[in-house]
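What follows is each chain in one-letter form.
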Amino acid sequence: MRIAIIGAGFAGMYAALSAARLRDIQGASPDKLEIALVAPEPTLVVRPRLYEPKPETLTAPLQDVFKAIDVVYVRGHAEAIDTKSKVVEIAAAQGTRKKLSYDRLVVATGSRLFRPNVPGLAEYGFSVDQLDDAIALDRHLHGLSSRPASKARNTVLVAGGGFTGIEAATEVPSRLRKILGKDARLRVVIVDRNEAIAPDMGAGPRPIIEEALQKLGIETRLGVGVASLDKSGVTLSNGEQIECETVIWAAGIRAAPLTAQIPAERDQFGRLLVDRELRVPSVSGVFATGDAARAACDDVGNYALMSCQHATRMGAFAGNNAAAELLGVPTRPYHQKAYVTCLDLGEAGALFTRGWERTVEMVGDVAKKTKQEINTVWIYPPKAERAAALASADPERVTAL
């Protein structure tokens, strides 16, 4: 029997850990139940940190972890899924292709930045979505020091006033001062079509965010969008032109395209609709998790967000349940009633909230210490030691806040 997991992000990693944990508890050998994870590299990209400098350092190796828990790593890109024959087609090294059959499939393919057809976006826009994107932005920012000083050189526009956009924007002033000098006259502008900054955070935290932006000298343009980009800068939907040489696009994400190959219902973000055990109900043997799945967190109408916090726990339940079906033991319904946010605000500190109503618990330097602990400890893989790695993947304890 084989469980195939597509994706080595937070959800895929924890699916592998949790499936291996249950296999170990049930005394099944790797020969009886193989767990195979498909990904281009055996590496976790610490995506929540890609707004930071030196993004090339923001990865964590997984190969030793996989070896410690007897998970088979399959190098390559999963390009096609045949749910009738239960086969995944993989593009491997040097143009070769191979097929991997499965008895249970866990789709943990994550998400991608939504890039609309805005003129000039592909040519002139940057992002902090994937590792290569973040590295390209970092190189661009360092390259600004070789250009003549000008308003355009010293101006950064961030398209998107949500979580990612705010973290990217509030980190820019300190990043650019290290590159251009502490006396550089910088301008950072956040543009968002919503009438309020951080629309998903709600009214409670918003004054703290607005105060932080003001402290950092970050401007906002709300109720407008980006109409076009060119070499000179950005034209907004209200006709305003902003001269800038750096545009960071952070306006929404969608489930990775591979989910479209599963013949099942999806939501407006491309996520597969799943039941409480994270199965795709209309397709035999398929589970979806993390950013690839729309899953209920509780019985009162809250659904998992496309975030690391939800992906880790969802992954643990999906992996456990895929293994449980094959080993003939009960599955566990996914639930995640606890929910927190910790928003980095650059040199203005951070903002920590608890609950779906986002009650503010910590602000400033205290919240910043928590953010740094989350970013440097909590979200990293467990040590490559069998007992500790397996113990870390109890679905009921993963991301239990």
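Reading guide: rules and limits
- Residues numbered from 1 in each chain as written.
- Predicted model: local features only at pLDDT ≥ 70, side-chain atom pairs only at ≥ 80, totals over all residues.
- Heavy atoms only, no water.
- Pairing = 2+ DSSP bridges.
- Helix = DSSP H or I, 4+ residues; strand = E, 2+ residues; numbered from the N terminus.
- Axes fitted to C-alpha atoms, helices over the stretch in contact; angles between N-to-C directions.
- Salt bridge = Lys/Arg side-chain N within 4 Å of Asp/Glu carboxyl O.
- Buried < 20%, exposed > 50% of the residue type's maximum accessible area, 1.4 Å probe, protein only.
- Phe/Tyr/Trp six-rings, centres within 6.5 Å; stacked < 30°, edge-to-face > 60°.

**A word on the sheet that holds strand S24 (residues 350-354)**
Alright, step 1. As summarised here, the arrangement of the three strands in space is S23-S24-S25, forming an open sheet in which the pairing is antiparallel. The two strands at the open ends of the sheet, each matched to only one other strand, are strand S23 (340-344) and strand S25 (359-363). Taken over all neighbouring pairs, the strand axes of this sheet differ in orientation by 20° on average, direction set aside.
Alright, step 2. Of the strand pairs in this sheet, S24 and S25 are connected by four bridges, and their pairing is antiparallel. Across the sheet, residue phenylalanine 352 finds its bridge partner in S25, namely methionine 362.

**So, the pattern of salt bridges**
Alright, step 1. The full count for this structure, using the stated rule, is 28 salt bridges.
Alright, step 2. The salt bridge partner of arginine 175 is aspartate 138, with a shortest N-O separation of 2.7 Å. You can see arginine 175 sitting in helix H5 (residues 163-180) and its partner aspartate 138 sitting in helix H4 (residues 131-143), a full 37 residues away along the chain. With respect to burial, arginine 175 and aspartate 138 carry one shared label: buried.
Alright, step 3. Between arginine 313 and glutamate 396 there is a salt bridge, with its nearest N and O atoms 3.9 Å apart. Of this pair, arginine 313 sits in helix H7 (residues 308-327) while glutamate 396 sits in the segment after helix H9 (386-391); the two residues are 83 residues apart in sequence, bridging distant segments of the chain.
Alright, step 4. Note on arginine 313: relative accessible area 5%, which makes it buried.
Alright, step 5. Through salt bridges with shared partners, a single ionic network connects Arg104, Asp275, Glu277, Arg279 and Glu325.

**With respect to the packing of aromatic side chains**
Alright, step 1. Within this structure, the stated rule accounts for two aromatic pairs.
Alright, step 2. Ring centres 5.7 Å apart and planes at 75° place the aromatic pair phenylalanine 317 and tyrosine 334 in the edge-to-face group. Within this pair, whereas phenylalanine 317 is found in helix H7, its partner tyrosine 334 is found in the loop between H7 and S23, the two being separated by 17 residues in sequence.
Alright, step 3. Accessibility expressed as a relative area gives 0% for phenylalanine 317, which makes it buried.
Alright, step 4. Judged by relative accessible area, which is 0%, tyrosine 334 ranks as buried.
Alright, step 5. A centroid spacing of 4.5 Å and a plane angle of 25° characterise the contact between tyrosine 339 and tryptophan 356, whose relative ring orientation is stacked. Separated by 17 residues along the polypeptide, tyrosine 339 in the loop between H7 and S23 and tryptophan 356 in the loop between S24 and S25 bring together distant segments of the chain. As far as burial versus exposure is concerned, tyrosine 339 and tryptophan 356 are alike and both buried.

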